[in-house]
Amino acid sequence: MTKAIFFDIDGTLVSFQTHQIPNSTFEALKKLQQKGIKLFIATGRGKDGLDVLKDFPFDGYITLNGQYCYTQDKIIYENTIQKEDLQALLDYLEKYPFPCGFTEEHTKYFNMRDEQVDEIHRITHNDDHPAGDCSQVIHHKVYQCMCFVDEQEEKALLKVMPHCISARWHPLFCDVSPVGGTKQNGIDQFLKYYDIDLSETMAFGDGGNDIPMLKHVAISIAMGNANDDVKEIANYVTDDVEHDGIIHALKHFNLL
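Within each chain, residue numbers correspond to sequence positions counted from 1 in written order. With the structure being a predicted model, the display of local features is reserved for residues of pLDDT at least 70 and the display and counting of side-chain atom pairs for 80 or more, all residues being used for whole-chain, interface and lining totals. In computing side-chain properties, one takes all heavy atoms of the structure into account and sets aside hydrogens as well as water.

Visitor: Would you mind going over the environment of Asn-65 with me for this structure?
Guide: Structurally, Asn-65 is set in the loop between strand S3 (60-63) and strand S4 (68-70). By definition, residues are in contact when any of their heavy atoms lie within 4.5 Å. Apart from residues no more than four positions distant in its own chain, Asn-65 is found in contact with Thr-43, Gly-44, Gln-144, Asp-175, Gly-181, Thr-182, Lys-183 and Asn-209. At a separation of 3.1 Å, a polar atom in the side chain of Asn-65 contacts the side chain of Gln-144. N or O atoms closer than or at 3.5 Å make up a polar contact, with two conditions inside protein: a donor-capable atom paired with an acceptor-capable one, and, for residues adjacent in sequence, both atoms drawn from side chains. For Asn-65, the side chain forms a polar contact with the side chain of Asn-209, separated by 3.0 Å. For helices the rule is a DSSP run of H or I covering at least 4 residues; for strands it is a run of E covering at least 2, with both sets numbered from the N terminus onward.

What follows is the structure in structure tokens.
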């Protein structure tokens, strides 16, 4: 019996075409809650990027790929990048400059912006944050960095940030986060908080950063627009968000 469902946002709940959650999906979520099923967000976005949810009362939020997890009224887990890793990143940017976004609890800011950053904002409508001096980050609580590097540069960057891991859902950038916080860990935090067993879970996703989460839950669903590597590990592949993929999967598993 499914008691908890975890949803990625971009490309899962939110269409890359309309940048909104379809009204039909909101109606399906309401029906799930009426049946007593707990609903959770599991996203790479920060807290300041959740306006797209239109104040829908989810039971919990796994944000920044698991670094910051909270309910409507309580933080249940947070994990920040160590000061020495942030300093190493700043030093690295001096030698090998690239756009980098630093995410705090309520905001994000960039050291610089270019056409790649603007391209991601056109996709997400969530990355229009300003650029400027970022030297102060070592004195702040930074949960995640958005690094516009390719996969080879990503490996080099992680060598100077040994207490961090990375996740990628788009070829233009990767999210660099502290070790210990993942969507998978966020799920475990909420299961403990609500006393729900892992065997009673389901998750929806579409990107590479969703793979650990989808491998972890009892029932994993890949959206029709998902990457091939995501589809390969999922229990079920549904339609894309524009064609009511979430609703079709919920009906397939007799939840609607």
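Visitor: What is the right way to look at the sheet that holds strand S6 (residues 100-103) in this model?
Guide: Where strands meet in a sheet, backbone hydrogen bonds hold them as pairs that are either parallel or antiparallel. The strand order S7-S6-S8-S10-S9 describes an open sheet built from five strands, whose pairing is antiparallel. Edge positions in the sheet fall to strand S7 (108-110) and strand S9 (164-170), since each of these pairs with one other strand and no more. For this sheet the average axis-to-axis angle between neighbouring strands, irrespective of direction, equals 20°. Think of each axis as a best-fit line through the C-alpha atoms, taken over the contacting stretch in the case of a helix, with angles from 0 to 180 degrees between the N-to-C directions. Relative to S6, helix H2 (residues 83-95) is tilted by about 160°, and along the sheet it contacts S6, strand S8 (144-147) and S9. Strands in contact with helix H4 (residues 151-160) are S8, S9 and strand S10 (173-178); relative to S9, the strand with the most contacts, it is inclined by about 165°. Between any two strands, at least two bridges found by DSSP are needed for them to pair.

Visitor: Help me understand the packing of H2 against H4 in this model?
Guide: Helix packing for two helices is described by the angle between their axes and how far apart those axes are. For the pair H2 and H4, the least separation of the axes is 9 Å and the interaxial angle reads 135°. By the criterion of interaxial angle, the relationship of H2 to H4 is oblique. Seen from above, H2 lies across H4 with right-handed handedness. Residues Ala-88, Leu-89 and Tyr-92 of H2 pack against Glu-153, Ala-156, Leu-157 and Val-160 of H4. Note on residue classes: Ala, Val, Leu, Ile, Met, Phe, Trp, Tyr, Cys and Pro are nonpolar, Asp, Glu, Lys and Arg are charged, and everything else, Gly too, is polar. Here the contact of H2 with H4 is built from residues that sort into six nonpolar, no polar and one charged. Throughout this description, any angle smaller than 35 degrees is read as roughly parallel, any larger than 145 degrees as roughly antiparallel, any in the 65 to 115 degree range as roughly perpendicular, and the remainder as oblique. Helix crossings fall into two classes, left-handed where the near helix is turned counterclockwise from the far one by less than a right angle and right-handed where it is turned clockwise.

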